[in-house]
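# Summary of the model geometry
These are the residues of each chain, in order.
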Amino acid sequence: MILDVKKSPLARQLGLALTMLALGVPPAGAAGGPKESLIVQNAGATAVFWSDPSDWATRDLFYGPGGQQHQPHGPFTFEKEDLDGSNPKFVVRDSDGVKWKVKLGLEARPETVATRLVWAAGYYANEDYFVPDMRVEGMPAHLHRGQKLVGPGGEVHNVRLKREDEKKIGIWQWDKVGFADSREWNGLRVLMAVINNWDVKDDNNSVYQDGSQHVYMVSDLGASFGSAGRAWPTDLAKDNLKSYSHSKFIRRIRPDSVDFQAPARPALICLFNPKAYFMRVHYEWIGHNVPRADAKWLGQLLARLSPAQIHDAFRAAGYSPAEIEAFSRVLRGRITALSDL
């Protein structure tokens, strides 16, 4: 299911009305007028994209959106392997009966950090937790992917656990969602550049059902804190301090708009897979022609975070003290660059 509200003037009005609802701005006719009934009749739910992080000073970036109370508890039991996406994953059940999707490999640490920063800026994010060491009971003798990352007795290390009881109902497209062109939508584009998330394909955007709300979020943030575009070898592209610190952030500043380097086109070696290469070239526009005022707004939001909060986001992902300080320094530099626009 993809919500597309840009196909007609009437649909566009609906998209703008949903945006105002999500941002807490009452639409015209909110006291029982026709627009309110149109939203109820045609959408059936309130679309939620961003909420004001008014509690930013007390937001716990170590535990993130799920808080300390939702963190997983062992022992863990294997449920099934997940073959979606490009990274090895499987589902486990913890001692509380909660299901978690375990992601192995290079994306576990950066995704944990990214979810906390996205949430700190007022956007929605999955409940992710980084676990340095865990044992999974009932692990099969052979996984289709990631078998070399599993040790004796089902031991795995440096993994990300994502809560699995959220009800995903579809995806959303960057250029067709009803929030397009809003300040908050532009801010999310900027945030992807801040963390160098180059894997911004639509399939990584999810819509979740939460009661009477449809919650929109970027649900796969693993390709972050590395190069500005897909690189080779892959360990340069994600979770790579040298790549992140040496990559260009702002590409061009105009009087009214800004171009960011990420998401950049892939390295030329990626032309060995032409379909993937040109698909990613198509998404370069997400970092281009961002209204300067909206980029500055996002920077000012992030600038409210204390150094300790930023450190906590990286600490939650198992980085060493030296790595925490180095990554945080680059991140704070980018935030300052936005605030100074």
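Analysis parameters
Residues numbered from 1 in each chain as written. Predicted model: local features only at pLDDT ≥ 70, side-chain atom pairs only at ≥ 80, totals over all residues. Heavy atoms only, no water. Phe/Tyr/Trp six-rings, centres within 6.5 Å; stacked < 30°, edge-to-face > 60°. Buried < 20%, exposed > 50% of the residue type's maximum accessible area, 1.4 Å probe, protein only. Lys NZ or Arg CZ within 6 Å of the ring centre and 35° of its normal. 1 Å grid on protein atoms, 1.4 Å probe; cavity = no way out; pocket = protein on both sides within 12 Å on 5 of 7 lines; lining within 4 Å. Points joined across faces, edges and corners; volume = space filled by probe spheres on them. Helix = DSSP H or I, 4+ residues; strand = E, 2+ residues; numbered from the N terminus. Arc of directions from axis to C-beta. Contact = heavy atoms within 4.5 Å.

## Some details on the packing of aromatic side chains
- A complete count under the given rule lists 18 aromatic pairs for this structure.
- Ring geometry for F62 against Y63: centres 4.9 Å apart, planes inclined by 90 degrees, an arrangement best described as edge-to-face.
- Using a relative accessible area of 18% as the deciding quantity, one classes Y63 as buried.
- In this arrangement the basic side chain of R59 is found over the ring face of W119, its NZ or CZ atom lying 4.7 Å from the centre.
- Over the aromatic face of Y129 sits the side chain of R116, whose NZ or CZ is 6.0 Å from the ring centroid.

## What about the layout of surface pockets?
- Its boundaries defined by the atoms lining it, the largest pocket holds a volume of some 850 Å³.
- Lining the largest pocket we find 35 residues, and of these G85, S86, K89, N204 and D220 sit closest to its centre.
- Secondary-structure elements contributing two or more residues to the lining of the largest pocket are strand 4 (99-103), strand 6 (155-163), strand 8 (205-210) and helix 6 (274-282).
- Around the second largest pocket, the lining is made up of 14 residues, and of these A125, E127, E166, D210 and M217 lie nearest the centre.
- Taken together, the elements giving at least two residues each to the lining of the second largest pocket come down to strand 8 and strand 9 (213-218).

## Here's the deal with helix 8 (residues 307-315)
- For helix 8, every residue scored as buried is listed here: Q309, I310, A313 and F314. The arc that holds the buried residues of helix 8, viewed along the axis, is 140 degrees, so those residues lie on one side.
- Tucked inside the fold, the buried residues of helix 8 contact helix 3 (108-120) and helix 9 (321-339).

Fair warning: the whole summary comes from geometry, so function is off the table for now.
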